[in-house]
Amino acid sequence: MKIAVMGGDGFIGWPTSLHLSDAGHDVHILDNLSRRWIDTELGVQSLTPMDSIQERTRIWHAETGRRIHFNLIDLARDYELLKNWLSEHRPDAVIHFAEQRAAPYSMKSDRHKNYTVNNNVSATHNLLNALTELNLDAHLIHLGTMGVYGYSTVGAAIPEGYLPVGIETPAGETVNQEILYPSNPGSIYHMTKCLDQLLFQFYAKNDVLRITDLHQGIVWGTHTEQTRRHAQLINRFDYDGDYGTVLNRFLIQAAIGYPLTVHGTGGQTRAFIHIQDSVRCIELALKNPPARGARVEIFNQMTETHRVRDLAQMIARMSGADIAWLPNPRKEAAENELIVQNEKFRNLGLEPITLEAGLLGEIVDVAKKFAYRVDRSRVPAVSAWTKDIAATINHDPEGKRLKSVS
Ligand SMILES: O=c1ccn([C@@H]2O[C@H](COP(=O)(O)OP(=O)(O)O[C@H]3O[C@H](CS(=O)(=O)O)[C@@H](O)[C@H](O)[C@H]3O)[C@@H](O)[C@H]2O)c(=O)[nH]1
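Along each chain, numbering runs from 1 in the same order as the chain's sequence is written. Only residues with pLDDT of at least 70 are given local features in this predicted model, and only at 80 or more are side-chain atom pairs given and counted; all residues enter the totals for whole chains, interfaces and linings. Only hydrogens and water are set aside; all other atoms, that is, all heavy atoms of the structure, feed into the side-chain values.

Q: Tell me what's going on with the packing of helix α8 (residues 246–256) against helix α12 (residues 355–368), and back it up with residues and numbers.
A: Orientation is described by lines fitted to C-alpha atoms, with helices fitted over the stretch in contact, and by angles between N-to-C directions that extend from 0 to 180 degrees. For helices the rule is a DSSP run of H or I covering at least 4 residues; for strands it is a run of E covering at least 2, with both sets numbered from the N terminus onward. Interhelical geometry of α8 versus α12 gives an angle of 55 degrees and a closest axis separation of 10 Å. With respect to their mutual orientation, α8 and α12 come out oblique. Classified by chirality, the crossing of α12 by α8 is right-handed. Contacts between α8 and α12 pair L247, L251, I252 and A255 from the former with L355, L359, E362, I363, A367 and K368 from the latter. Three categories are distinguished: nonpolar for Ala, Val, Leu, Ile, Met, Phe, Trp, Tyr, Cys and Pro, charged for Asp, Glu, Lys and Arg, and polar for the others, with Gly belonging to the last. Residue composition of the contact of α8 with α12, grouped by class: 8 nonpolar, no polar and 2 charged. Comment on the angle field: the value is read as roughly parallel under 35 degrees, roughly antiparallel over 145, roughly perpendicular from 65 to 115, and oblique elsewhere. By definition, turning the near helix anticlockwise from the far helix through less than a right angle yields a left-handed crossing, and turning it clockwise yields a right-handed one. Contacts are residue-level and defined by heavy atoms, with any inter-residue pair within 4.5 Å sufficient.

Here is the structure:
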């Protein structure tokens, strides 16, 4: 297949591009390199040393003989460029990662909120609009988030995208139907993914686009089979307070002797998936497109759920690290349960990498190896969800804002 990977220079886009190229597909990356600019804005860098995208694709070609093509295109701003590219190349599938994906970054300031909404919603809409205008029947796979469901569960399992409901008619009969699971975003970033869902629903109905939306949990790990092949193919690894996700942050914190930064009581339960399984799921989705005219196909792309404090305690036991119980910079439920249905990928043959089996290897491989590259001052998460919360947590130097360390 000819596949366009929008955002193919990012944390999941890059290993996905390699994985699909390795599987024999003709891969074309479209990316505006915004993650690299945001690193510069924030004054942080990936834990792992990353080469330019041109250099990465050159090494891939030297290693495998396969070409991955790179196009510097901004989906949100360069509509005509995007449309011209799609018109010329007419890909069989488009994988859409080209969005600002960090919740803390999206909450940093009014400017960051505007950027995240404008970038994410425009990128998604431009893509849908161009596919429709060009009459291009490419399967669109979008990387969505588990966060669209929210975390105020009532003890019931979260279905894969659609909720069966019974509505009573005036005649007293019950009409059964399935509706898109009610959105309940916890950040501006998550809100943009909820808006994406509506855009998909409309275009699938109105213009019979074939769309798959992957509601992914928190990704951990950094290597995939292909990124291990050469030092310069390595994936990025974010550890800073804005882009670092919880488990990868705990791993690097343990490696550098920094107390594990648990927000609040650590009672938040979240869904997780290893990066290797994430790229496998994307390939499975690619092989199983919805029919033309079908509703948006939705998968829950996660393999395990864990409570944040349980993860911290597990890593503390394994590594001897301390745990810091911090005031939570986010507005979120202090404690929640989370049960998620994920049978669709399991039925398609996914055999997940478990945390238990994979975790130690990740600590040794990546966190310890590159610990010397960490800037400790960039570890704290200082982006606050409200002005009131900001007043209580910001401007505290390392260590001083720890409520307690155990
Ligand atoms: O040092 C930290 C960092 C985070 N947390 C807590 O861990 C939980 C998860 O935070 P996270 O930063 O790992 O994940 P999140 O902000 O939800 O976003 C990440 O995970 C999402 C999937 S999900 O969480 O919505 O399932 C993806 O969509 C996003 O792109 C990705 O950045 C939150 O309760 C947070 O307060 C800590 O206790 N300590």
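Q: Give a detailed account of the site of the ligand, specifying residues and quantitative values.
A: Taken together, the neighbourhood of the ligand is formed by 22 residues, with R101, Y189, V246, T261 and E332 sitting nearest. Residues adjacent in sequence count toward polar contacts only when both atoms are side-chain atoms; beyond that, a polar contact is any pair of N or O atoms within 3.5 Å, and within protein one must be able to donate a hydrogen and the other to accept it. Here an oxygen atom of the ligand sits 3.3 Å away from a polar atom, N or O, in the side chain of Y151. One of the side-chain N or O atoms of R249 is found 2.8 Å from an oxygen atom in the ligand. Alone, the ligand offers 740 Å² of accessible surface; in the complex the protein occludes 96% of this. Sort the elements by how many residues they give to the shell around the ligand and strand β10 (residues 260–263) lands first, with 3 residues. For the shell around the ligand, the per-class residue count stands at 8 nonpolar, 9 polar and 5 charged. Near, as used in this document, describes a residue that has one of its heavy atoms within 4 Å of the molecule or strand being considered. What sets the accessible areas is the Shrake-Rupley method with a 1.4 Å probe; for residues, cover comes only from the shown protein chains.

Q: Could you give me a rundown of the pattern of salt bridges, with the residues and numbers involved?
A: Two side chains carrying opposite charge are able to pair once their charged atoms lie near each other. A pairing counts as a salt bridge when a side-chain nitrogen of Lys or Arg comes within 4 Å of a carboxyl oxygen of Asp or Glu. One pass over the structure, following the stated rule, counts 22 salt bridges. Residues D238 and R35 are paired through a salt bridge, measuring 3.0 Å at the closest nitrogen-oxygen approach. Separated by 203 residues along the polypeptide, D238 in the loop between β9 (218–220) and α8 and R35 in helix α2 (residues 34–42) bring together distant segments of the chain. Owing to a relative accessible area of 14%, R35 belongs among the buried residues under this scheme. What you see here is one network of salt bridges that share partners, running through R35, D39, R101, R236 and D238. Residue burial is assigned from relative accessible area. The probe radius is 1.4 Å, only protein chains are included, and a residue is buried under 20% of its type maximum, exposed over 50%, and partly exposed in between.

Q: Break down the packing of aromatic side chains for me, citing the residues and quoting the values.
A: Between 30 and 60 degrees the pair is tilted, below 30 it is stacked and above 60 it is edge-to-face, where a pair is any two Phe, Tyr or Trp rings, Trp via its six-membered ring, whose centres lie within 6.5 Å. Tallied over the entire structure, the rule returns 5 aromatic pairs. Their ring planes at 85 degrees and their centres at 6.4 Å tell us that Y105 and Y115 sit as a pair that is edge-to-face. Separated by 10 residues along the polypeptide, Y105 in helix α5 (residues 103–106) and Y115 in helix α6 (residues 110–133) bring together distant segments of the chain. Residue Y105 is classed as buried on the basis of its relative accessible area of 2%. Look at Y105 and Y243: their rings are 5.6 Å apart centre to centre, the planes differ by 45 degrees, and that puts the pair in the tilted class. Of the two residues, Y105 sits in helix α5 while Y243 sits in the loop between β9 and α8, which places them 138 residues apart along the sequence. Overall, the relative accessible area of 1% leaves Y243 in the buried class.

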